[in-house]
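# A look at the structure
The primary structure of each chain is shown beneath.
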Amino acid sequence: MDRTWTQDLTEQLSWHWDNLVRPKLDDLSDAEYLWEPAPGCWNVRRRAEAVTSSAAGSGDWVIDWDFPEPRPAPVTTIAWRLGHVTVGVFGMRNASHFGGPPADYQSTVWPAHAQDAIAQLDDAYGRWIAGVAAFDDADLDRPCGPAEGVFGDLPYRALVLHINREAIHHLAEVMLLRDLYRAAGAVSGRPSPPG
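To keep things clear, this report deals only with the structure shown in the data block. (Residues numbered from 1 in each chain as written. Predicted model: local features only at pLDDT ≥ 70, side-chain atom pairs only at ≥ 80, totals over all residues. Heavy atoms only, no water.)

## Overview of the packing of helix α3 (residues 78-97) against helix α4 (residues 114-133)
The interhelical angle for the contact between α3 and α4, taken along N-to-C directions, is 30 degrees, at an axis separation of 9 Å. Classified by the angle their axes make, α3 and α4 are roughly parallel. Viewed along their axes, α3 and α4 form a crossing whose handedness is left-handed. In this structure, α3 contributes Leu82, Val85, Thr86, Phe90, Arg93 and Asn94 to the contact, and α4 contributes Ala117, Gln120, Leu121, Ala124, Tyr125, Arg127 and Trp128. For the contact of α3 with α4, the per-class residue count stands at eight nonpolar, three polar and two charged. (Axes fitted to C-alpha atoms, helices over the stretch in contact; angles between N-to-C directions. Helix = DSSP H or I, 4+ residues; strand = E, 2+ residues; numbered from the N terminus. Parallel < 35°, antiparallel > 145°, perpendicular 65-115°, else oblique. Left-handed = near helix turned anticlockwise from the far one by under 90°. Contact = heavy atoms within 4.5 Å. Nonpolar A, V, L, I, M, F, W, Y, C, P; charged D, E, K, R; others polar.)

Given below as structure tokens:
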């Protein structure tokens, strides 16, 4: 069977997205999206309620952030993780490599509602996967260039593997937080979303 790098790289992420992530986000509620499973969580929250000195965003809502990141790093919410994947994982790379709109934590209008965040994530994922699918093997062998810092001298395939790994990692964490939210609801008697 003749396989290309492009097929392998797109299927690595699209299989995870299509089978393990995206169908399980359809019923994400606002309460679950913003749920803080532990004290001191980083979240997406109203600007006046920010808990970090570097909270970022251009609208009424900001994402908690500090640099350098504290050690140990705080637990992050579903809202925070979806925002990070949308902007920090896909969005910035889409802007640098696939003609996407500029993306950074400071200029982003962070959504207060789960379904708005999912719509942003869908757009960022769609642009990323389409961009990767348009590469041929020669494109994947080219260096990424200075926009990628430590990846600058590495071939695009190394960047794609890294971004796919980051997305799979953080989206798996979102699915685990959904499991914990349902379990906490079962223990507390609080209604939990259907799953």
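## Details of helix α1 (residues 5-21)
With 17 residues, α1 ought to run about 24 Å at 1.5 Å a step, and its terminal C-alpha atoms sit 23 Å apart, in line with that. At Glu11, α1 shows its largest kink, close to 30 degrees. Looking only at α1, the buried set comprises Thr6, Leu9, Thr10, Leu13, Ser14, His16, Trp17 and Val21. (Expected span 1.5 Å × (residues − 1). Bend = angle between axes of the 7 residues up to and from the residue. Buried < 20%, exposed > 50% of the residue type's maximum accessible area, 1.4 Å probe, protein only.)

## Some points on the packing of aromatic side chains
Counted by the stated rule, this structure contains twelve aromatic pairs. Ring centres of Trp17 and Tyr125 lie 4.0 Å apart, and the angle between their planes is 10 degrees; on these two criteria the pair is classed as stacked. Here Trp17, found in helix α1, pairs with Tyr125, found in helix α4; they are 108 residues apart in sequence, far enough to count as distant. For the pair shown, Trp17 and Tyr125 are each scored as buried. Consider the rings of Phe90 and Tyr125, whose centres lie 6.1 Å apart with planes at 65 degrees: the pair is edge-to-face. (Phe/Tyr/Trp six-rings, centres within 6.5 Å; stacked < 30°, edge-to-face > 60°.)

## Structural notes on the pattern of salt bridges
Pairing of side chains with opposite charge becomes possible as their charged atoms draw close. Tallied over the entire structure, the rule returns 14 salt bridges. Close ionic contact of Glu32 with Arg178 constitutes a salt bridge, the shortest N to O distance being 2.7 Å. Of this pair, Glu32 sits in helix α2 (residues 30-34) while Arg178 sits in helix α6 (residues 156-188), and the two are 146 residues apart along the sequence. This pair shows no difference in class: Glu32 is buried, exactly as Arg178 is. In this structure, the salt-bridge partner of Asp64 is Arg45, at a minimum N-O distance of 2.7 Å. One end of the pair, Asp64, is in the loop between β2 (61-63) and α3; the other, Arg45, is in strand β1 (residues 44-46), and 19 residues separate them in sequence. According to the relative accessible area criterion, Arg45 is buried, its value standing at 11%. Here the residues in one salt-bridge network are Arg3, Asp8 and Glu11, joined through shared partners. (Salt bridge = Lys/Arg side-chain N within 4 Å of Asp/Glu carboxyl O.)

## Comments concerning α4
One turn of an α-helix holds 3.6 residues; hence residues three or four places apart share an orientation. With 20 residues, α4 ought to run about 28 Å at 1.5 Å a step, and its terminal C-alpha atoms sit 28 Å apart, in line with that. Three or more residues of α4 are buried, namely Ala114, Ala117, Ile118, Leu121, Ala124, Tyr125, Trp128, Ile129, Gly131 and Val132. Burial along α4 is one-sided: seen end-on, the buried residues are contained in an arc of 160 degrees. (Arc of directions from axis to C-beta.)

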